Amino acid sequence: MQDDQIDLVFKALAHPERRRILASLHQRPGRSLFEICASSVAENGEPLSRQTISQHLDVLERAGLLEITWKGRTKTHAINLDPLRAAVEAAINRYL
């Protein structure tokens, strides 16, 4: 794994809202943007704009941490932990 990809993965995990989104998708994969927005309000009590959550999803997608599936016109999201495992392994192996 290249350094820039490792950086993308750890940058994506650096923000607490992105970690909450991943935790939510881990519990219930296949959610649409609308469902993620609704669950964000229910979990935190703080409404986040659709644009804000969309930007967080873009960062997670660029890092490879999301699997995207289209169901008709609806884009659904599920967690993909393979890039995280690879990034952790690559980062740790440098020091062993």
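Below, the structure is looked at part by part.

Conventions we followed
Residues numbered from 1 in each chain as written. Predicted model: local features only at pLDDT ≥ 70, side-chain atom pairs only at ≥ 80, totals over all residues. Heavy atoms only, no water. Helix = DSSP H or I, 4+ residues; strand = E, 2+ residues; numbered from the N terminus. Buried < 20%, exposed > 50% of the residue type's maximum accessible area, 1.4 Å probe, protein only. Contact = heavy atoms within 4.5 Å. Salt bridge = Lys/Arg side-chain N within 4 Å of Asp/Glu carboxyl O. Expected span 1.5 Å × (residues − 1). Arc of directions from axis to C-beta. Pairing = 2+ DSSP bridges. Axes fitted to C-alpha atoms, helices over the stretch in contact; angles between N-to-C directions.

## Considering the environment of Ile21
Following the sequence through the fold, Ile21 ends up in helix H2 (residues 16–27). On the basis of relative accessible area, Ile21 is assigned to the buried category, the value being 3%. Note: C-alpha distance between Ile21 and Leu96 (75 residues apart in sequence) is 32 Å. When sequence neighbours within four positions are dropped, the list of residues in contact with Ile21 reads Ile36, Ile53, His56, Leu57 and Leu60.

## A closer look at the pattern of salt bridges
On inspection of all chains with the given rule, the structure shows 5 salt bridges. Linking Asp3 and Arg94 is a salt bridge whose minimum nitrogen-to-oxygen distance equals 2.0 Å. Residue Asp3 is located in helix H1 (residues 3–14), and its partner Arg94 is located in the segment after helix H5 (82–93); the two are separated by 91 residues in the primary sequence. Taking the shortest distance from any N to any O, the salt bridge between Arg28 and Glu35 comes out at 3.3 Å. With relative accessibility at 43%, the residue Arg28 sits in the partly exposed group.

## Side note on helix H4 (residues 50–62)
In a regular helix each residue adds 1.5 Å, so 13 residues correspond to 18 Å; H4 covers 18 Å between its end C-alpha atoms and thus fits that length. Listed as buried for H4 are Ile53, His56, Leu57, Val59 and Leu60. Viewed end-on, H4 has its buried residues packed into an arc of 155°, placing them on one side of the element. Exposed side chains of H4 directed beyond 90 degrees from the buried face belong to Gln51 and Arg62. Looking one or two places after H4, you find Gly64, whose phi comes out positive at around 85°.

## A few points about the sheet that holds strand S2 (residues 66–71)
Two strands in a sheet stick together by hydrogen bonds in their backbones, pointing the same way (parallel) or opposite ways (antiparallel). An order of S1-S3-S2 is seen for the 3 strands of this open sheet, with the pairing classed as antiparallel. Of all the strands in the sheet, just strand S1 (31–32) and S2 have a single pairing partner and so form its edges. Across 2 bridges, the pairing between S1 and strand S3 (residues 74–79) is antiparallel. Counterpart to Arg31 in the pairing with S3 is His77. Each of S1, S2 and S3 touches H2; the most contacted strand, S3, lies at about 95° to it. Sheet strands in contact with H4 are S2 and S3, and its direction is about 115° off that of S2.

## So, the environment of Cys37
Position of Cys37 relative to the elements: it lies in helix H3 (residues 33–44). Using a relative accessible area of 11% as the deciding quantity, one classes Cys37 as buried. For Cys37 and Pro47, which are 10 residues apart along the polypeptide, the C-alpha to C-alpha distance reads 7.8 Å. Excluding anything up to four places from it in sequence, Cys37 contacts Arg50 and Ile53.

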